[in-house]
Amino acid sequence: MTDAEKGREFTADVLFQRYEKNPVLTAENWPYRAHAVFNPGAALVDGETLLLVRVEDLRGFSHLAVARSADGKTKWRVDAEPALVADPAYDEQHYGVEDPRVVWLEPLGEYAVAYTSFIRDETVVSLATTADFKTFTRYGRLLPPEDKDASLFPRKINGRFALIHRPIIRGEAHMWISFSPDLEYWGDHRLLLTTRPASWDLHRVGLGPPPLETPEGWFVIYHGVRRTASGSLYRTGLALLDLDEPWRVVRRSEDWVFGPHTYYEMIGDVPGVVFPCGTVLDEETRELRVYYGAADTVVALATADFDDVLSYLLSCKV
Ligand code: BMA
């Protein structure tokens, strides 16, 4: 039976296809000693796909490094040196920097990278901007409590910069949105998207790649966590936020749309994890490329027809 005959054209489980040559990057591709490469941010730079990849060394500490490809799928070129390492001058402990989300930040005319860093043994969110992924302007840590999974929106919303992030508050892990006039002072914190009882995303939720602007609203991919007897399962869901009032969730998928399944997602340092941090949308073909860490070990790619994904999401409730 075809998917259409099963009535599954736009159901969650058929939207994303794994790239047949996955994984696209592994530690073997690295020009220096690395243990694992995963959870990359993504951007289009000079017509090429640039991945800012989390590279874990053999101490277990991570830094960020650049890989480029003309078609975003093949012939990756990896820089000989790391791009961004933890900097104690900005309160970043030497344990490393992780899980970057990259946006082209219109008002600054630069890329903004939000990433996880460590202070007093706790994870927090740091921000840096760059024009070339070689030199970075560091803003340091953004907000005080334990925090992760952050990205700026690509433009100001009603005159303010906006940030989605995932603080841990009283042990709960929900997504929040905060606003700033200058990228330094943050406020108007609002609860955005919460875990759902008994669901696949009951224990934790966190932003995946940066929000993408569409005429219907801000398109968001997020990860949800369910703890099981044999570890945590990290799956992926979708949400749509109001364009002008992005703290309002107007659609949310009830099902996960992408979950760990294949060998490179089930075998590795942390089995059962798909963790997308970057997307590239091909405006001409409408192909959405989602780059994700698989099992905290390798970088993989899933593609989808963006219009099918949006049709599916618009068919969902909140
Ligand atoms: C999250 C983050 C990710 C990681 C995931 C699965 O909390 O730390 O970096 O990929 O756990 O281990």
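As shown above, the structure is provided for reference.
Numbering of residues starts from 1 in every chain and runs along the sequence as written. With the structure being a predicted model, the display of local features is reserved for residues of pLDDT at least 70 and the display and counting of side-chain atom pairs for 80 or more, all residues being used for whole-chain, interface and lining totals. Hydrogens and waters are ignored; side-chain quantities use all the structure's heavy atoms.

A short note on unusual backbone geometry
Phase 1: In this model, Asn22 is joined to Pro23 through a cis peptide bond whose omega is -5°.
Phase 2: Structurally, the position occupied by Pro23 is in the loop between strand 1 (17–18) and strand 2 (36–45).
Phase 3: Even without glycine at this site, Asp188 takes up a positive phi of about 50°.
Phase 4: Note on placement: Asp188 falls in strand 15 (residues 187–193).
Phase 5: The cut-offs for exposure are 20% and 50% of the maximum accessible area for each residue type, with area from a 1.4 Å probe on protein chains only; residues under the lower value are buried, those over the upper are exposed, and the others partly exposed. Residue Asp188 is classed as partly exposed on the basis of its relative accessible area, which comes to 33%.
Phase 6: One non-glycine residue, Ala295, lies in the positive phi region at around 55°.
Phase 7: Comment: elements are numbered from the N terminus, with helices defined as DSSP H or I runs of at least four residues and strands as E runs of at least two. By secondary structure assignment, the location of Ala295 is in the loop between strand 22 (287–294) and strand 23 (298–305).

Regarding the pattern of salt bridges
Phase 1: Any Lys or Arg side-chain nitrogen found within 4 Å of a carboxyl oxygen on Asp or Glu counts as a salt bridge. Scanning the model with the defined rule gives 21 salt bridges in all.
Phase 2: For Arg68, the salt bridge goes to Asp79, with nearest N and O atoms at 3.2 Å. Pair noted here: Arg68 is in strand 4 (residues 62–69) and Asp79 is in the loop between strand 5 (77–78) and strand 6 (98–105), with a separation of 11 residues, a long-range link.
Phase 3: Under the relative-accessibility criterion, Arg68 is labelled buried at 17%.
Phase 4: Assessed through its relative accessible area of 22%, Asp79 is described here as partly exposed.
Phase 5: If you follow the salt bridges from partner to partner, you end up with Arg54, Glu98 and Asp99 in one network.

Let's talk about the sheet that holds strand 4
Phase 1: Spatial strand order, 2-3-4-5: 4 strands in an open sheet with antiparallel pairing. The open sheet has two free edges, formed respectively by strand 2 and strand 5, since each of these has just one partner strand.
Phase 2: Where strand 4 meets strand 5, 2 bridges bridge the pair, whose relative direction is antiparallel. Looking at the pairing, Arg68 lines up with Arg77 of strand 5. Note on pairing: two strands pair once DSSP finds at least 2 bridges between them.

With respect to the side chain of Arg101
Phase 1: Structurally, Arg101 can be placed in strand 6.
Phase 2: With a relative accessible area of 1%, Arg101 lands in the buried category.
Phase 3: From its side chain, Arg101 meets the backbone oxygen of Gly208 in a polar contact 2.9 Å long. Here a polar contact means two N or O atoms within 3.5 Å. Within protein one must be a hydrogen donor candidate and the other an acceptor candidate, and residues neighboring in sequence count only if both atoms are side-chain atoms.

Focus: the environment of Leu192
Phase 1: As for its placement among the helices and strands, Leu192 is situated in strand 15.
Phase 2: The buried category is assigned to Leu192, whose relative accessible area is 9%.
Phase 3: Those residues in contact with Leu192 that sit more than four places away from it in its chain are Ile164, Met175, Trp176, Ile177, Leu241, Pro246, Trp247 and Val249. We call two residues in contact whenever any of their non-hydrogen atoms come within 4.5 Å of each other.

Quick look at the environment of Trp76
Phase 1: Relative to the assigned elements, Trp76 resides in the loop between strand 4 and strand 5.
Phase 2: Overall, the relative accessible area of 15% leaves Trp76 in the buried class.
Phase 3: With 45 residues separating them in the primary sequence, Trp76 and Pro31 have C-alpha atoms 12 Å apart.
Phase 4: Not counting residues within four places of it along the chain, the set of residues in contact with Trp76 comprises Val24, Leu25, Thr49, Leu51, Ala67, Arg68, Ser69 and Tyr291.
Phase 5: Within the structure, Trp76 has its side chain in polar contact with the backbone oxygen of Lys73 (distance 3.1 Å).

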